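Single-letter residue listing:
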Amino acid sequence: MTETSHDLGAFDAISPGDDTAAMRLALALGASVRKSTSPNPWVGAVVVAANGEVVGTGATAPVGGPHAEATALQQAGDAARGATLFVTLEPCCHVGRTPPCADAVIASGVSRVVIGIVDPDEKVAGNGISRLQAANIAVDVGVASEEITEQLLPYIHHRKTARPFVLAKIAATLDGHTAAEDGSSQWITSDAARCDAHRLRAESDAIVVGAGTVRADNPSLTVRHVEGRDPLRVVLGSAPRDANIHPCLEWNSSIDDLLDELGEQGCLQLLIEGGPTVLGSFHTAGLIDRWAVYLAPGFMGGSPRYPLVNSTPAASISEYASGRVLESRHLDCDVMLLVEPPHRNGVST
């Protein structure tokens, strides 16, 4: 195996013709490198022989390393001839930091390629598929497309909007407090919830807070409870010279300009960990794509001095709009809700 190959485990063979099972293995391989590939997408690939034997697996390496298809085909070697390649994202067909994957696929001798979704990048966008078909390779598209779209959502969003996918994270009590009356908030949630929040940090390319949070809490905003890279730290405003958040990007322009700048830098996902004012500004502008809400099973009592967001309250129930809960998970004594806000509900990015 190469250094980017993966343990086949229970998937050393797949029933011939079971495209879904093979693609789910590719999905798992992509998930395994979620925190290491950005700004490249986290893609998984599997090579399956005609008898169902899995002869090669791969996942996208960190930037500059091989893509998933190249690794899987290298591992398969001669066994790739006449086999089927399963890959979550359309193979690239242009020269970037690595050679075109479509050329490697053609040279490998595979007879069929099953692709989860078409790459929205304008440099690819169906051209990789056309090149494979021109080489008389059978191509099928769309297996497990919903799951793959969800897995690659930040990448897809970036390629379509040129901006990062915005994920807002907040921890609160059941009665809506994010801090006590004196401003203290460490810790509302359990160790398990904090570890999960650090997973979100590791999956994000940048993290943003307001200058008020920096002055009040002096956070480091690094990844400590899980393995992964530290995101670029962004402060809306100016941070004290001795603040733990340094080195950081101090931003004094609009949040729209910030999203444009981060998108240009290749940031695929931005995590907001700011207080209610920062969250309220992104929320009011309709710039939040997902909420990760960690709820602790307790009550502070009274009206929240520090609510989840500072925004103009709805004057009537007719002005209230509900999003939808996409996922709920128990984390020790807490619950994490992954929420799609109302303006995104049913809208594809």
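Everything here concerns the structure above.
Calculation notes
Residues numbered from 1 in each chain as written. Predicted model: local features only at pLDDT ≥ 70, side-chain atom pairs only at ≥ 80, totals over all residues. Heavy atoms only, no water. Helix = DSSP H or I, 4+ residues; strand = E, 2+ residues; numbered from the N terminus. Contact = heavy atoms within 4.5 Å. Core = buried A, V, L, I, M, F, W, Y, C linked by side-chain atoms within 4.5 Å. Buried < 20%, exposed > 50% of the residue type's maximum accessible area, 1.4 Å probe, protein only. Pairing = 2+ DSSP bridges. Axes fitted to C-alpha atoms, helices over the stretch in contact; angles between N-to-C directions. Phe/Tyr/Trp six-rings, centres within 6.5 Å; stacked < 30°, edge-to-face > 60°. Lys NZ or Arg CZ within 6 Å of the ring centre and 35° of its normal.

Let's shift gears to the side chain of T88. Relative to the elements of secondary structure, T88 occurs in strand β3 (residues 84-89). Here T88 is in contact with M23, A26, L27, V43, G44, G116, I117 and I148, once residues within four sequence places are set aside.

A word on the nonpolar core. Soluble globular proteins tend to pack their nonpolar side chains together in the buried interior. Counting residues in hydrophobic clusters, the biggest one holds 50 residues, and the most contacted among them are M23, V46, V47, V105 and V113. Per element, the largest residue contribution to this core is 6 residues, and it comes from helix α1 (residues 19-32). Sequence-distant contacts of V105, defined by excluding residues within four places in its chain, comprise E69, L73, L85, V110, V113, L132 and I137. In terms of nonpolar packing, the next biggest core, distinct from the first, is built from 24 residues, V208, I255, V278 and L279 among them.

Let us look at the sheet that holds strand β5 (residues 138-141). The strand order across the open sheet built from 5 strands is β2-β1-β3-β4-β5, with neighbouring strands paired in mixed fashion. Two strands in the sheet have a free side with no partner beyond their single neighbour: β2 (54-59) and β5. Pairwise comparison of adjacent strand axes, ignoring direction, gives a mean angle of 15 degrees for this sheet. Where strand β4 (residues 112-117) lies against β5, 4 bridges are found, and the strand directions are parallel. Across the sheet, residue R112 finds its bridge partner in β5, namely A138. Strands in contact with helix α4 (residues 127-134) are β4 and β5; relative to β5, the strand with the most contacts, it is inclined by about 150 degrees.

Further remarks concern the sheet that holds strand β10 (residues 269-272). Spatial strand order, β9-β8-β7-β10-β6-β11-β13-β12: 8 strands in an open sheet with mixed pairing. Looking at the sheet topology across the chains shown, the edges are occupied by β9 (249-251) and β12 (324-331). Within the sheet, the average angular offset between the axes of one strand and its neighbour, ignoring direction, is 20 degrees. Pairing geometry for β12 and strand β13 (residues 334-340), over 7 bridges, is antiparallel. From the neighbouring strand, S328 faces β13, where its bridge partner is L337.

A few words now on the pairing of strand β6 (residues 165-173). Most of β6 is tucked away: 9 of the 9 residues are buried. Neither face of β6 is open: one carries F165, L167, K169, A171 and T173, the other V166, A168, I170 and A172, and all of them are buried. In the sheet, β6 pairs with β10 via 4 bridges, with the strands oriented parallel. What sits directly across from A168, in β10, is I272.

The next point concerns the packing of aromatic side chains. Using the criterion set out here, one finds 0 aromatic pairs in the structure. Its guanidinium or amino end placed over the ring of W42, R34 lies 3.8 Å from that ring's centre, counting from NZ or CZ.

Inspection of the secondary structure puts V293 in strand β11 (residues 290-296). Taking relative accessible area as the criterion, V293 reaches 11% and is therefore assigned buried. Remark: the alpha-carbon pair of V293 and N218, spanning 75 residues in sequence, is separated by 22 Å. The residues touching V293, leaving out its near neighbours within four places in the chain, are I170, L308, V335, M336 and L337.

With respect to the helices and strands, the residue L308 is situated in the loop between β11 and β12. Sequence separation between L308 and Q186 is 122 residues; the distance between their C-alpha atoms is 15 Å. Leaving out residues up to four positions away in the same chain, L308 has contacts with I170, A172, G176, T178, P276, L279 and V293.

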